[in-house]
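Now for the letters of each chain:
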Amino acid sequence: MAPLRTTVIGSYPFPGWLEHAAADLDAFGPDDVAELQEDAVIAAVHDQVAAGLDAISDGEQTRLDFNLGFYGHLEGIERGEPARRFGPPAHDQRAKHRIVGELAAPRGLGTVEEFERLRRVAPPGPTLKVAVPGPYTLAGRLDADRWETAEALLPIVQAELTALADAGCEEIAIDEPSMSCYAHREDPGRLVDLFNRTVAPVAGRARLSTHLCFGNYKGRAVAPRQYAPLFPAFLEAAVDEIHLEMASRELAEAELVGTIAETKDVAVGVVDVKSYYVETPDDVAARVRRFAQLAPPERLAFSTDCGLSQTARWAARQKLANLVAGVRIVRSEL
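Not measured: the values here are computed from a predicted model.

(A) Structural detail: the pattern of salt bridges. Applying the stated rule across the entire model yields 23 salt bridges. Two residues, Asp47 and Arg317, come together in a salt bridge whose shortest N-O distance is 3.5 Å. With Asp47 in helix α2 (residues 30-51) and Arg317 in helix α10 (residues 313-333), this residue pair connects regions lying 270 residues apart in the sequence. With a relative accessible area of 38%, Arg317 lands in the partly exposed category. The partner of Glu60 in a salt bridge is Arg63, with the nearest N and O atoms 3.5 Å apart. Residues joined by salt bridges that share partners form a network here, namely Arg5, Glu171, Arg207, Glu241, Asp265 and Arg299.

Right, dumping it as structure tokens:
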């Protein structure tokens, strides 16, 4: 990995016209929808490339949230309705779904199509990255025993990861934010075992990473914001890179970066997606210097704390540009 690489988590804000169109998709034909999707991906890729990122995604422009849209690919569930629709945003404004049969995804989860579209529209240069929610996180909106559901989803996620690797995707993120959200009440060793069994078929076939954060629904966390319950167990996770949310927590537990970097690469969130303060390049550079004191540059990557889907596009665009500019300042010093 290039020293002090700049990367993304995955999601990016929808253009306003896409949100407007999505409210009335029945008015569009299938070719119109495909055009909408590709145009939105082109816009997300443009902003990331203009910022100068080393690794980019498709902005997850064809998904409902980073994971909710995957339920539309699953058989064996009965779609539910949100328990609450009004008032301050919280997770009970998202639906829970009942399991009514064997869980299956005979046509996959759609990420291969996302990757192929991204490869078609992206310019040469940046690494192309695709994120897939892991089975524990994906089980979160299914109204059944979470562990049993995660085990049922594991072969579905495995098959998707294998299909991505077969398609030539060189960097795959298996995002498990729910693991860090609930590690304070779950056995971290059991979480690692589930994770490692999920990625086993693609280990060594693609660069693997995982994103561990504390939730960002409508810009709000959902759990105690401490990584301590996950470690040292997660040092055994079968990934090349672990991503940590640091900026929104004022760089709390920074020393963990040095511990992880003894055996893995670390992607450090140094830009807060929950705040509309736009970090300056100097702000970013100061944070990068802090972590460069804790780990070798070739072990470090830098990113936003989470995906940017909950951040207005004007702010997301400037935050990415300043992220890259700040990292370049420190690269020149090194």
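(B) View of the side chain of Arg249. Here Arg249 is to be found in the loop between β8 (241-245) and α8 (255-260). A residue is classified by how much of its surface remains accessible, and Arg249, at 7% relative accessible area, is buried. Beyond its immediate stretch of four places on either side in the chain, Arg249 contacts Phe214, Arg225, Gln226 and Tyr227.

(C) Inspection of the packing of α2 against helix α3 (residues 111-121) at higher detail. The N-to-C vectors of α2 and α3 enclose an angle of 60 degrees; their axes lie 10 Å apart at closest approach. Here α2 is positioned oblique relative to α3, judged by the angle of their axes. Between α2 and α3 lies a crossing whose hand is right-handed. Residue-level inspection shows Gln37, Glu38, Val41, Ile42 and Val45 of α2 in contact with α3, the latter providing Arg117, Leu118, Arg120 and Val121. The residue makeup of the contact of α2 with α3, split by class, is five nonpolar, one polar and three charged.

(D) Molecular detail of the environment of Val41. Secondary-structure assignment places Val41 in helix α2. You can call Val41 buried: its relative accessible area is 0%. When the C-alpha atoms of Val41 and Thr62 are compared, they prove to be 8.1 Å apart, with 21 residues separating the residues in sequence. Not counting chain neighbours up to four residues away, the residues in contact with Val41 comprise Asp58, Gln61, Arg117 and Val121.

(E) Local environment of the packing of aromatic side chains. Across all of its chains, the model carries four aromatic pairs by this definition. The ring of Trp147 has Arg190 lying over it, and the distance from NZ or CZ to the ring centre is 3.9 Å.

Parameters at a glance
- All chains use their own residue numbering, which begins from 1 and follows the written sequence.
- Only residues with pLDDT of at least 70 get local features here, since the model is predicted, and only at 80 or more are side-chain atom pairs given and counted; chain-wide, interface and lining totals rely on the full set of residues.
- Working from all heavy atoms in the structure, the side-chain values ignore hydrogens and water.
- Should a side-chain nitrogen of Lys or Arg be within 4 Å of a carboxyl oxygen of Asp or Glu, the pair is scored as a salt bridge.
- The secondary structure listing takes helices from DSSP runs of H or I that are at least 4 residues long and strands from runs of E that are at least 2 residues long, numbered from the N terminus.
- The classification of residues rests on relative accessible area computed with a 1.4 Å probe and restricted to protein chains. Under 20% of the type maximum is buried, over 50% is exposed, and intermediate values are partly exposed.
- Here a residue-residue contact requires only that any non-hydrogen atoms of the pair lie within 4.5 Å.
- The axes used here are C-alpha line fits, helices contributing only the stretch in contact, and every angle between their N-to-C directions lies in the interval 0 to 180 degrees.
- Roughly parallel means an angle under 35 degrees; roughly antiparallel, over 145; roughly perpendicular, 65 to 115; everything else is oblique.
- Working rule for handedness: look at the near helix, and if it is turned counterclockwise from the far one by less than a right angle, call the crossing left-handed; if clockwise, right-handed.
- Residues were grouped as follows: Ala, Val, Leu, Ile, Met, Phe, Trp, Tyr, Cys and Pro as nonpolar; Asp, Glu, Lys and Arg as charged; and all remaining residues, including Gly, as polar.
- Geometry of aromatic contacts follows a simple scheme: Phe, Tyr and Trp rings, the Trp one being its six-membered ring, pair when their centres are within 6.5 Å, and the pair is stacked under 30 degrees between planes, edge-to-face over 60, tilted otherwise.
- Distance and angle both matter: a charge sits over a ring if NZ of Lys or CZ of Arg is within 6 Å of the ring centre and within 35 degrees of the ring normal.

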